[in-house]
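What the coordinates show
Take a look at the letters that make up each chain.
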Amino acid sequence: MTGGVLLWILLAATPVPTPVPTSTPLQAPTPEKRDPHLIAALESRQGLGMERVALFDDGSLVRVREFRSERIVDRKALAPEEVAVVRGVCLEALAVRAKDVDDPGRSVLGDADGRRITLEIVDPGGGSRLYTYDDLASLPLAVGRARGALEDLRGRFEKQDLAETKWDTAGLRPGAFLRRRSDGVWYRVVHDDTLDHDFELEELAAGEEQGGYKMRIFVYRGDLPRLFEDPSVAGSRPPQASPAKRR
């Protein structure tokens, strides 16, 4: 057997290794670009303290609290449906001109040491409208509803005992008094819409028992225990004045 034939036989008997594909490193996914835009914010200042709650169109709810050099930031996320509702309420308030809200800074009788509250709402064009007032100001209904929506969002940052937020609303009737958890302000039940499961409430004006009120809001029955104290604990007698309104 010649050498060439022998070499051919050896090569034919030797298995040819299967090429192994070279693995390429996986690229990290490109992070999603987020550019949240402000919808509305509620800011209160008094002395050296400040608290601001802001809602953005990506569902971010941010609370910033400052006192002297201390700054605390808390965040929560809202569902798109909730964002849409709050946005709608705030856009309705833009029908009210800023100068139609009593700005305590324009009044010579204003309390320089009192709390100043600013409601900021972004209009469809991207500009902002600022409504500045104090605790005693009488707000137009649309602005009051927007303020109430932001205050309710602010209340979500407060820790609550679940047992306290499960009181039964079945016994509520027009004329009953409710005290809001977030600030101790008193409301009176005006109407119970059993068809839509909504309660119509009116905020009592400072120093009023029966006659005066500042604004009316509508609250879903299921949200009442979370936003308002149990009447059996808070009391059912007409309040003399809302704690948040006292000077």
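What counts and how
Residues numbered from 1 in each chain as written. Predicted model: local features only at pLDDT ≥ 70, side-chain atom pairs only at ≥ 80, totals over all residues. Heavy atoms only, no water. Helix = DSSP H or I, 4+ residues; strand = E, 2+ residues; numbered from the N terminus. Contact = heavy atoms within 4.5 Å. 1 Å grid on protein atoms, 1.4 Å probe; cavity = no way out; pocket = protein on both sides within 12 Å on 5 of 7 lines; lining within 4 Å. Points joined across faces, edges and corners; volume = space filled by probe spheres on them. Nonpolar A, V, L, I, M, F, W, Y, C, P; charged D, E, K, R; others polar. Pairing = 2+ DSSP bridges. Axes fitted to C-alpha atoms, helices over the stretch in contact; angles between N-to-C directions. Salt bridge = Lys/Arg side-chain N within 4 Å of Asp/Glu carboxyl O. Buried < 20%, exposed > 50% of the residue type's maximum accessible area, 1.4 Å probe, protein only. Parallel < 35°, antiparallel > 145°, perpendicular 65-115°, else oblique. Left-handed = near helix turned anticlockwise from the far one by under 90°.

This next bit is on the overall build of the chain. Looking only at helices and strands, the chain features five helices and ten strands. Sequence-distant contacts in the chain: of pairs separated by 6 or more residues, those separated by 24 or more amount to 54%.

Estimated volume of the largest pocket: approximately 570 Å³. Lining the largest pocket are 19 residues; nearest its centre among them are V85, A149, D152, F218 and D223. Elements supplying a minimum of two residues to the lining of the largest pocket: α2 (80-93), α3 (141-154), β10 (213-220) and α4 (224-227). Among the residues forming the lining of the largest pocket, the class breakdown is ten nonpolar, one polar and eight charged.

Sheet architecture is open: six strands sit in the order β4-β3-β2-β1-β5-β6, paired in antiparallel fashion. Of all strands in the sheet, those bounded by a partner on one side alone are β4 (70-77) and β6 (128-133). Averaged over all pairs of adjacent strands, the angle between their axes in this sheet comes to 10°, without regard to strand direction. When strand β5 (residues 116-122) meets β6, the two strands line up antiparallel, connected through six bridges.

Moving on, we come to the pattern of salt bridges. Under the counting rule described, the total for this entry stands at 18 salt bridges. A salt bridge links R65 to D74; its shortest N-O distance comes to 3.2 Å. Of the residues examined, R65 reaches a relative accessible area of 32% and is grouped as partly exposed. For D74, a relative accessible area of 22% corresponds to the partly exposed category. A salt bridge links E92 to R145; its shortest N-O distance comes to 3.2 Å. Of the two residues, E92 sits in helix α2 while R145 sits in helix α3, which places them 53 residues apart along the sequence. It is possible to trace a salt-bridge network through shared partners that takes in E43, R45, R52 and E120.

Right, let's talk about the packing of α2 against α3 for a bit. Remark: α2 packs on α3, axes separated minimally by 7 Å, with the N-to-C direction vectors making an angle of 150°. Looking at the two axes, α2 sits roughly antiparallel to α3. Between α2 and α3 the crossing geometry is left-handed. Counted together, V86, V89, C90, E92 and A93 of α2 and A142, V143, R145, A146, A149, L150 and L153 of α3 form the full contact between these two elements. Split by residue class, the contact of α2 with α3 holds ten nonpolar, no polar and two charged.

Further remarks concern the environment of I39. If you trace the backbone, I39 turns up in strand β1 (residues 38-46). In this structure I39 comes out as buried when scored by relative accessible area, which is 4%. Sequence separation between I39 and I121 is 82 residues, and the spatial gap between their C-alpha atoms is 6.2 Å. Not counting residues up to four positions away in its chain, the partners in contact with I39 are L55, F56, D57, V83, R87, E120, I121 and V122.

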